[in-house]
Amino acid sequence: MNVHEDRLTRLFKAARRAPAANEPSDIPGHLETRILAEWRSSAAEPRGGALALLLRWALMGATAVMLVSIAWASIGPTDDSDNDDDVANVELREDLMP
Amino acid sequence: MSEERPADLAGCVSRARQRDEAAAQTLLDRLFPLVLKIVRSHLPWRTSEEDLVQTVFMKVFTHLDQYEGRVPVEHWVSRIAVNTCLSALKAEKARPELRWADLCEQGQAVVESLVTGAEADGGTQAVAARDLVQELLARLRPADRLVLTLLHLEERSVAEVKALTGWSEALVKVRAFRARRKLRKILSKLEPDHECS
């Protein structure tokens, strides 16, 4: 095990001696343009995000109204006496059969 | 001059938050060498260096609001760069096992010199050794690869690795120990006597 550890240590030591690659100190123009363009386009995203947020709230509101309507229809007053036809029928019946 | 630099960068960060393009450009110009160095040290296989640099800078710009000024801008950006590289390494597909026959002539010479105990001679073998180390590291898990690169190639301290990665000191040490053990195993399989047996 020590032999392999020693070989690994020597390998790292040799690797560290390798000359560093030439690193440009200036960002290439095309890369800078690309990054800045993406940065600018990301600035436009919040407006799209706001629209998406607005749409989301609108959808949630519409869903809430729909649910309330369904609930009202199912558990709300079921007395049919308000129905004009029924009222008329009752009155007619009373007229015909006093 | 060097005293002004961190303050300048922090000022650029503030102005870039307000969508000041000149400030963003200054940040790019100043931080590019640092980001490029990190990206080159941890570049995944078949990944474009420029694409990764762009990803790092976009993360920096996206998270400008999160910079609190408690550490120098360079440290904050280094950490983003290291973590971006780590994510990219995680997405990299596993490479096939490295065999003696896969090594180039210089790589084989390096392994032979390790076995015989001969010292590496000159820059050519040093470059071959560095390439071999990269080949070996590429067979490790991304976090293992990262910790060994930082500790043994870039010769950073455990505290520096902790600051760059956000891992605890204990995690850095344990990960480095285990990664070295794995690397020893891969290297031992690569030696010519192992291939023959």
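Bear in mind that the values here come from a model prediction, so they are computed numbers and not experimental data. (Residues numbered from 1 in each chain as written. Chains lettered and ligands numbered in written order. Predicted model: local features only at pLDDT ≥ 70, side-chain atom pairs only at ≥ 80, totals over all residues. Heavy atoms only, no water.)

In terms of regular secondary structure, chain A is built from three helices and zero strands. Classification of the 98 residues of chain A by burial places 15% in the buried group. Only carbon and sulfur atoms are counted for the fraction: they give 62% of the accessible area of chain A, which is about 7600 Å². (Helix = DSSP H or I, 4+ residues; strand = E, 2+ residues; numbered from the N terminus. Buried < 20%, exposed > 50% of the residue type's maximum accessible area, 1.4 Å probe, protein only. Areas by Shrake-Rupley, 256 points an atom, 1.4 Å probe, with all protein chains shown as cover.)

Before going further, it helps to examine the overall build of chain B. When helices and strands are tallied, chain B shows ten helices and zero strands. Helices (α) and strands (β) of chain B occur, in sequence order from the N terminus, as α-α-α-α-α-α-α-α-α-α. Relative to its full complement of 197 residues, chain B shows a buried share of 43%. At a minimum sequence separation of 6, the contacts of chain B that also span at least 24 residues come to 61%. Per element, the accessible surface of chain B, about 10200 Å² overall, is 50% carbon and sulfur. (Contact = heavy atoms within 4.5 Å.)

With that settled, the discussion passes to unusual backbone geometry. Residue and element names in this part refer to chain B. We note that arginine 19 has phi near 65 degrees; this positive angle belongs to a residue other than glycine. Looking at where arginine 19 falls in the secondary structure, it is placed in the loop between helix H1 (4-17) and helix H2 (21-41). At glutamate 155, a residue that is not glycine, the phi angle is positive and equals roughly 55 degrees. Within the element layout of this structure, glutamate 155 appears in the loop between helix H7 (142-153) and helix H8 (158-165).

In this assembly, 45 residues from chain B lie in contact with 34 residues from chain A. Carbon and sulfur atoms make up 61% of the surface buried where chain B meets chain A, a total of about 3800 Å² over both sides. Our enumeration of links across chain B and chain A arrives at six salt bridges. Taken together, chain B and chain A are joined by 13 residue pairs in polar contact (both at pLDDT 80 or more). At the level of elements, H2, helix H3 (49-62), helix H5 (105-116), helix H6 (122-137), H7 and helix H9 (169-190) of chain B are the ones that each hand at least two residues to the side of chain B that touches chain A. At ten residues, the largest contribution of residues to the side of chain B that touches chain A is made by H2(B). Its residues assigned to classes, the side of chain B that touches chain A comprises 25 nonpolar, six polar and 14 charged. (Buried area = accessible area lost by both parts, 1.4 Å probe. Salt bridge = Lys/Arg side-chain N within 4 Å of Asp/Glu carboxyl O. Polar contact = N/O pair within 3.5 Å; in protein donor to acceptor, adjacent residues only side chain to side chain. Nonpolar A, V, L, I, M, F, W, Y, C, P; charged D, E, K, R; others polar.)

Residues Leu51(A), Leu54(A) and Leu55(A) make up a contiguous nonpolar surface patch of about 330 Å² in total accessible area. Considering the arrangement of structural elements, one finds Leu54(A) in helix H2 (residues 29-75). (Patch = residues over 30% accessible without salt bridge, like charges linked within 9 Å, V, L, I, M, F, W, Y side chains within 5 Å.)

Here helix H1 (residues 2-16) of chain A crosses H9(B) at 95 degrees, and the two axes come no closer than 9 Å. Put simply, H1(A) runs roughly perpendicular to H9(B). Of the residues in H9(B), those in contact with His4(A), Glu5(A), Arg7(A), Leu8(A), Thr9(A), Leu11(A) and Phe12(A) of H1(A) are Arg180(B), Leu183(B), Arg184(B), Leu187(B) and Ser188(B). The residue inventory of the contact of H1(A) with H9(B), partitioned by class, reads five nonpolar, three polar and four charged. (Axes fitted to C-alpha atoms, helices over the stretch in contact; angles between N-to-C directions. Parallel < 35°, antiparallel > 145°, perpendicular 65-115°, else oblique.)

Turning to the confidence of the model for chain A, a few remarks are in order. On average, chain A scores 81 in pLDDT, and the residues at 70 or more come to 85%. Mean pLDDT values for the elements of chain A range from 77 in helix H3 (residues 84-96) of chain A up to 88 in H1(A). (pLDDT = per-residue confidence, 0-100.)

What follows deals with the pattern of salt bridges. Residue and element names in this part refer to chain B. In the structure shown here, the tally under the stated rule is 17 salt bridges over all chains. Linking glutamate 49 and arginine 40 is a salt bridge whose minimum nitrogen-to-oxygen distance equals 3.0 Å. In this structure glutamate 49 comes out as partly exposed when scored by relative accessible area, which is 26%. Take arginine 40: its relative accessible area is 28%, and that puts it in the partly exposed class.

All right, on to H7(B) then. Residues and elements named next belong to chain B. Taking 1.5 Å per residue as the helical rise, H7 with its twelve residues ought to reach 16 Å, and the 15 Å between its terminal C-alpha atoms agrees with that figure. By the criterion of burial, H7 is predominantly enclosed, with twelve of the twelve residues buried. Looking only at H7, the buried set comprises Pro142, Ala143, Asp144, Arg145, Leu146, Val147, Leu148, Thr149, Leu150, Leu151, His152 and Leu153. Following H7 by one or two positions, glutamate 155 has its phi on the positive side, about 55 degrees. (Expected span 1.5 Å × (residues − 1).)

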